Amino acid sequence: MNHDAYDNAYISGILNSVKTVAMVGASANDVRPSFFVLKYLLNKGFSVFPVNPGHAGKEILGRMTYAKLSDIPEPIDMIDIFRASAAVPPIVDEALGLDPLPKVIWMQLTLGNDEAAAKAEAAGVKVVMNRCPKIEYGRLSGEIGWNGVNSGVLSSKKPVMRSGFQSFGIRER
């Protein structure tokens, strides 16, 4: 499969079919991207299991954190990897040792490993690389447009300056 570009149908098919997500590299630090993605996916109704050996046995956003994928007590539909690219092959190997196999292995932005992806695909597991499920969910659901990116509210145009007090709030049209 070409992992440089994905069909919207491929990504939306994945996001519509998965219910349980193991987030490898989840962080309890509320300024880390993995924390934001974990919170977002929980708010969208996904059952997310944080995986972080340094935080195992503690909770992140009310969810018990596990040391490794095999410790999770139920089948996982998707593995979301928030680790360095060098850590991807062993994580994929661990995921391929699960029974049942996950449906999807998702590598976050800037992550990719063609050999690990080929190995997972050969086992019948779908792979997404260099994408974020939070961003893709928002993009495909239209939420990103609702929040200002495509609303015309945000603009690079220079504002019209009037005399007196300047406000960038509501403008007369």
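In this text, all values refer to a predicted model and were calculated from it rather than measured experimentally.

## What about the overall build of the protein?
Next up, step 1: The secondary structure content of the protein amounts to six helices and seven strands.
Next up, step 2: When the helices and strands of the protein are placed in sequence order, the string is α-β-α-β-β-β-β-α-β-α-β-α-α.
Next up, step 3: Sorting the 173 residues of the protein into buried and exposed places 39% on the buried side.
Next up, step 4: Within the protein, counting contacts between residues at least 6 apart in sequence, those at least 24 apart form 59% of the total.

## Some words on the sheet that holds strand 7 (residues 126–128)
Next up, step 1: Taken in spatial order, the five strands of this open sheet run 2-1-5-6-7, and their pairing is parallel. Only two strands of the sheet have a single neighbouring strand rather than two, namely strand 2 (47–51) and strand 7. Between one strand and the next, the sheet's axes are offset by a mean angle of 20°, whatever the strand orientation.
Next up, step 2: Where strand 5 (residues 78–81) meets strand 6 (residues 104–107), four bridges bridge the pair, whose relative direction is parallel. Each bridged residue has a counterpart across the sheet, and for Met-78 the counterpart in strand 6 is Val-104.

What counts and what doesn't
Residues numbered from 1 in each chain as written. Predicted model: local features only at pLDDT ≥ 70, side-chain atom pairs only at ≥ 80, totals over all residues. Heavy atoms only, no water. Helix = DSSP H or I, 4+ residues; strand = E, 2+ residues; numbered from the N terminus. Buried < 20%, exposed > 50% of the residue type's maximum accessible area, 1.4 Å probe, protein only. Contact = heavy atoms within 4.5 Å. Pairing = 2+ DSSP bridges. Axes fitted to C-alpha atoms, helices over the stretch in contact; angles between N-to-C directions.

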